[in-house]
Amino acid sequence: MRHPGSMGGASWSMEDIPYAELARERVRDDRRLFYLLASASFIEITSDLYTQNLVEYFRHDREIAEWLERVWQKEEVQHGAALRRYVETAWPDFNWEAAYRDFLAAYAPLCTVDQLAATRALEMAARCVVETGTATFYRMLSERTREPVLKQLAARISADEVRHYKHFYRWFLRYQAIERPSRASVLRTLWNRAAEIDAEDAFFAFKAVFLARNPDANFRKEDYDAYRKAIVQLARHHYPYGMMVKMLLKPLGLNAVVSRLMLPAIASALRFLTRHTARDSGALTSRL
Ligand SMILES: [Fe+2]
Ligand SMILES: [Fe+2]
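Description of the structure in this document. (Residues numbered from 1 in each chain as written. Chains lettered and ligands numbered in written order. Predicted model: local features only at pLDDT ≥ 70, side-chain atom pairs only at ≥ 80, totals over all residues. Heavy atoms only, no water.)

1. Quick look at the coordination of the iron ion (ligand 2)
What counts here: Note that water is not among the atoms used; donors are N, O and S atoms within 2.8 Å of the metal (3.2 Å for Na, K and Ca), so sites may look incomplete.
Around the iron ion (ligand 2), the donor atoms from the protein are Glu 76 (OE), Glu 131 (OE), Glu 131 (OE), Glu 161 (OE) and His 164 (ND1), and they sit 1.9 to 2.8 Å away. The motif formed by the donor residues of the iron ion (ligand 2), counted along the single chain, is E-x54-E-x29-E-x2-H.

2. Some words on the coordination of the iron ion (ligand 1)
Stated formally: Secondary structure elements follow DSSP: runs of H or I of four or more residues count as helices, runs of E of two or more count as strands, with numbering from the N terminus. Each residue is placed in one exposure class: buried if its accessible area under a 1.4 Å probe, protein chains only, is under 20% of its type's maximum, exposed if it is over 50%, and partly exposed if it falls in between.
Looking at the metal site, the iron ion (ligand 1) is ligated by Glu 44 (OE), Glu 44 (OE), Glu 76 (OE), His 79 (ND1) and Glu 161 (OE), spaced 2.0 to 2.5 Å from it. Donor residues for the iron ion (ligand 1), ordered by position in the chain, follow E-x31-E-x2-H-x81-E. The two metals, the iron ion (ligand 1) and the iron ion (ligand 2), are separated by 4.0 Å and share Glu 76 as a common coordinating residue. Placement of the pair is Glu 44 in helix 1 (residues 31–45) and Glu 161 in helix 7 (residues 148–179), with a sequence separation of 117 residues. We note that Glu 44, like Glu 161, is buried.

3. A closer look at the side chain of Glu 147
Stated formally: In this tally, Lys and Arg are treated as positive and Asp and Glu as negative; His is ignored, and so are the chain termini. Salt bridges are defined by distance alone: a side-chain nitrogen of Lys or Arg within 4 Å of a carboxyl oxygen of Asp or Glu. Nitrogen and oxygen atoms within 3.5 Å of one another constitute a polar contact, given that in protein one can donate a hydrogen and the other can accept it, and given that sequence-neighbouring residues count only through two side-chain atoms. Should any heavy atoms of two residues lie within 4.5 Å, those residues are counted as being in contact.
For Glu 147, the location among the structural elements is in the loop between helix 6 (120–144) and helix 7. Buried within the structure, Glu 147 lacks any salt-bridge partner; its nearest side chain of opposite charge belongs to Arg 26, at an N-O separation of 6.8 Å. In this structure the side chain of Glu 147 is engaged in a polar contact, spanning 2.7 Å, whose partner is the side chain of Tyr 86. A polar side-chain atom of Glu 147 sits 2.7 Å from the main-chain amide nitrogen of Leu 150. The contact partners of Glu 147, leaving out residues within four places of it in the chain, are Glu 21, Leu 22, Ala 23, Arg 26, Val 27 and Tyr 86.

4. Let's talk about the pattern of salt bridges
For the structure on display, the rule yields 17 salt bridges. Close ionic contact of Arg 59 with Glu 69 constitutes a salt bridge, the shortest N to O distance being 3.4 Å. Of the two residues, Arg 59 is situated in the loop between helix 3 (52–57) and helix 4 (62–90) and Glu 69 in helix 4; the sequence distance between them amounts to 10 residues. Between Arg 174 and Asp 61 there is a salt bridge, and its shortest N-O distance comes to 3.0 Å. One end of the pair, Arg 174, is in helix 7; the other, Asp 61, is in the loop between helix 3 and helix 4, with 113 residues separating them in the sequence. Residue Arg 174 is classed as partly exposed on the basis of its relative accessible area of 29%.

5. Some thoughts on helix 9 (residues 200–213)
Going by this rule: Expected span of a helix: the number of residues minus one, times 1.5 Å.
Between its terminal C-alpha atoms helix 9 stretches 20 Å, which fits the 20 Å expected from 14 residues at 1.5 Å a residue. Burial runs high along helix 9: 10 of the 14 residues are buried. Residues Glu 200, Asp 201, Ala 202, Phe 203, Phe 204, Ala 205, Phe 206, Ala 208, Val 209 and Phe 210 constitute the buried set of helix 9.

6. Some points on the environment of Arg 193
With respect to the helices, strands and loops of the structure, Arg 193 is situated in helix 8 (residues 183–196). Classification of Arg 193 as buried rests on a relative accessible area of 6%. Excluding its chain neighbours within four sequence positions, the residues that come into contact with Arg 193 are Gln 115, Leu 116, Ala 117, Glu 123, Ala 126, Arg 127, Val 129 and Val 130.

7. Digging into the side chain of Asp 223
Positionally, Asp 223 belongs in helix 10 (residues 221–238). By relative accessible area, which is 14% here, Asp 223 ends up buried.

8. Description of the packing of aromatic side chains
Definition in use: Whether two aromatic rings pair depends on their centres lying within 6.5 Å, for rings of Phe, Tyr and Trp, where Trp uses its six-membered ring; planes under 30 degrees apart make the pair stacked, over 60 edge-to-face, and the rest tilted.
In total, this model carries 30 aromatic pairs according to the counting rule given. Note on Phe 103 and Tyr 107: the rings are 5.2 Å apart at their centroids and 20 degrees apart in plane angle, and the pair reads as stacked. Residue Phe 103 and its partner Tyr 107 are located together in helix 5 (residues 96–107), separated by 4 residues, close to a single helical turn. In this structure Tyr 107 comes out as buried when scored by relative accessible area, which is 0%.

9. Regarding the packing of helix 4 against helix 7
Stated precisely, the cut-off is as follows: Note on definitions: angles span 0 to 180 degrees between N-to-C directions of axes, and those axes are lines fitted to C-alpha atoms, for helices only across the stretch in contact. An angle below 35 degrees is read as roughly parallel, one above 145 as roughly antiparallel, one from 65 to 115 as roughly perpendicular, and any other as oblique. Note on convention: near helix rotated counterclockwise from far helix by under a right angle means a left-handed crossing. Clockwise means right-handed. For this classification, Asp, Glu, Lys and Arg are treated as charged, while Ala, Val, Leu, Ile, Met, Phe, Trp, Tyr, Cys and Pro are nonpolar and the rest, including Gly, are polar.
Relative to each other, helix 4 and helix 7 sit at 160 degrees, their axes nearing to 11 Å. For the element pair helix 4 / helix 7, the angle class is roughly antiparallel. Crossing geometry of helix 4 relative to helix 7 is assigned as left-handed. Grouping the constituent residues of the contact of helix 4 with helix 7 by class yields 14 nonpolar, 3 polar and 8 charged.

What follows is the structure, encoded as structure tokens:
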């Protein structure tokens, strides 16, 4: 198990979150929210397991490697630990530890090799996509929920993800100047990484949570599909697509007119919460 106590880097810590004030009656019957948060806690808390290759990839660049190891990984793991405490406070009968063990047993063997983009500039562009996905996801949660502790926690995590994005974007520009990737290859990278979001980790996280919640049930693919449908419903009205598209277009360096013309097409293409199921996509992992 990891140790949520040894954090650092983030501008907040779990002690800042007033878990004792959690308005349980506002969330305890929200099944969709329970699955979302429990799954997110699994994926975030496992971040350092599958980011080691990325650190190695940038080992020659001391500023980046140090930040990845000392700040970024720790903050992602803290997201998981903070979400875990939220889930355990809101749904105390859920055995987080046991379900996480099952998730890790199924998922860890699949994520030993981190898929990296062909060049460092393109990998930085891909990282921008991942952080865009998480920043917008937590923004949606924060704006949507009526539960004040979750509102605060999700806003803090979203702010972290936006900050991560800014770092990756800055380093994208650094490597773009060196490697000069074509706009088409950047677009392809953005596109491919966005399609990978919501891949196997989301599926295995849901499955582990489901089986912990329903120990006598047989897990069926339809259970995951139903959950995904419920998320689509949530995203349809509340997903900050504008924020997502703006963040995604930045690495393309398009001028304002072209960007505006492309917004609707890209927004609909990248509705990653509404895309593939895990089995359809065949993609490796998504990273919260
Ligand atoms: Fe995160
Ligand atoms: Fe992040």
